[in-house]
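# Examining the three-dimensional arrangement
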Amino acid sequence: MTAPALPDPDPAWLAALEGEALHHALHERVEAAWRLCCEVHPALPRPAVWLDLRGRSAGQAHFGRGGLRFNPVLFDENRRAFLVEVVPHEMAHWLVHHLEDGPRARPHGREWQTVMRRLFGLVPRTTHRFDTRRASPAPYRYRCACREHGFTARRHALARRGSRYRCRHCAQTLVYCGRSAFEKVV
Ligand SMILES: [Zn+2]
Ligand SMILES: [Zn+2]
């Protein structure tokens, strides 16, 4: 395993960033990751960048829109992980997609893993442990026979006080099974 190709961000600098400056740091990192990819694939188009992802997902390569989407709430709370891992993760998807056989490759398959290892010098992980409590509006998990349901804090409080909720699909009463503090996200 080689060392990470992109430099480790200075923790004090990163922690002090606010608002536009914080978003700018993400854009800069995407730019650096893109330049690195261009060394092996000079024709790679520059992806647009949006900080418009909601919920539990950290990032997403959106080929239809032609760019990378990031979750601003999770980024704010997990700055280093975003710069060090999430940006390369999504950029690796972007690069693989633009290789000749890329659109047919599995999302986290051999090609993607090779880019993560060989180009970015990172362990190719597909999950992260982020605190998603603020990013997810419905972090209280309830189960029925057929699926998992997310409850907001308000609805969860009502259920704790005795309100019964049934699943619209299987009609079973929902049972509380814990709060989702950490989720797999990328
Ligand atoms: Zn159900
Ligand atoms: Zn991925």
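This is a predicted model, so every value here is computed, not measured.

### Observations concerning the domain arrangement of the protein chain
- Annotation of the protein chain at the domain level lists domain 1 (11-129) and domain 2 (140-181).
- Taken over C-alpha atoms, the centre of domain 1 sits 34 Å from the centre of domain 2.

### Observations regarding the sheet that holds strand β7 (residues 175-179)
- As summarised here, the arrangement of the 3 strands in space is β6-β5-β7, forming an open sheet in which the pairing is antiparallel. Edge positions in the sheet fall to β6 (148-151) and β7, since each of these pairs with one other strand and no more. Adjacent strand axes in the sheet meet at a mean angle of 35°, parallel and antiparallel pairs treated alike.
- Bridge count between strand β5 (residues 140-143) and β7: 4 bridges; the pairing is antiparallel. For Y142, the partnering residue across the bridge sits in β7 and is Y176.

### Examining the pairing of strand β3 (residues 67-70)
- Examined bridge by bridge, strand β1 (residues 48-50) and β3 share 3 bridges and lie parallel to one another. Bridging from a neighbouring strand, W50 pairs with R69 of β3.
- Bridging between strand β2 (residues 59-62) and β3 involves 4 bridges; their strand directions are antiparallel. The partner of G59 across the bridge, within β3, is F70.
- Connecting β2 to the antiparallel partner β3 that follows it, the hairpin turn spans 4 residues, and G66 within it adopts a positive phi of roughly 80°.

### Section: the sheet that holds β1
- Ordered in space as β1-β3-β2, the 3 strands form an open sheet in which the pairing is mixed. Edge strands, defined here as strands with exactly one partner in the open sheet, are β1 and β2. The average undirected angle you get between the axes of adjacent strands in this sheet is 20°.

### Quick look at the nonpolar core
- F82, V87, M91, A92, L95 and V115 are the most contacted members of the largest nonpolar core, which totals 28 residues.
- Going through the elements one at a time, α2 (19-40), β3, α3 (72-77), α4 (79-97) and α5 (110-119) are the ones with two or more residues in this core.
- Considering each element in turn, this core owes the most residues, 9 residues, to α4.

### A word on α4
- A rise of 1.5 Å per residue sets the reference length of α4, with its 19 residues, at 27 Å; its end C-alpha atoms lie 26 Å apart and thus fit the reference within 8%.
- Most pronounced at E85, the bend in α4 amounts to some 35°, and the proline P88 follows within four residues.
- Where burial is concerned, most of α4 is hidden: 14 out of the 19 residues are buried.

### Considerations on the packing of α4 against α5
- At their nearest, the axes of α4 and α5 sit 9 Å apart, and the two run at 130° to each other. Judged by the inter-axis angle, α4 sits oblique to α5. Crossing angle aside, the handedness with which α4 passes α5 is right-handed. Between α4, through P88, A92, H93, L95 and V96, and α5, the contact on the second element is made entirely by E111, W112, V115 and M116.
- Its residues placed into classes, the contact of α4 with α5 shows 7 nonpolar, 1 polar and 1 charged.

So, how was this worked out
Residues numbered from 1 in each chain as written. Chains lettered and ligands numbered in written order. Predicted model: local features only at pLDDT ≥ 70, side-chain atom pairs only at ≥ 80, totals over all residues. Domains from an automatic or database assignment. Pairing = 2+ DSSP bridges. Helix = DSSP H or I, 4+ residues; strand = E, 2+ residues; numbered from the N terminus. Axes fitted to C-alpha atoms, helices over the stretch in contact; angles between N-to-C directions. Core = buried A, V, L, I, M, F, W, Y, C linked by C-beta atoms within 7 Å. Buried ≥ 20, exposed ≤ 12 C-beta atoms within 10 Å, placed from the backbone. Expected span 1.5 Å × (residues − 1). Bend = angle between axes of the 7 residues up to and from the residue. Parallel < 35°, antiparallel > 145°, perpendicular 65-115°, else oblique. Left-handed = near helix turned anticlockwise from the far one by under 90°. Contact = placed C-beta atoms within 7 Å. Nonpolar A, V, L, I, M, F, W, Y, C, P; charged D, E, K, R; others polar.

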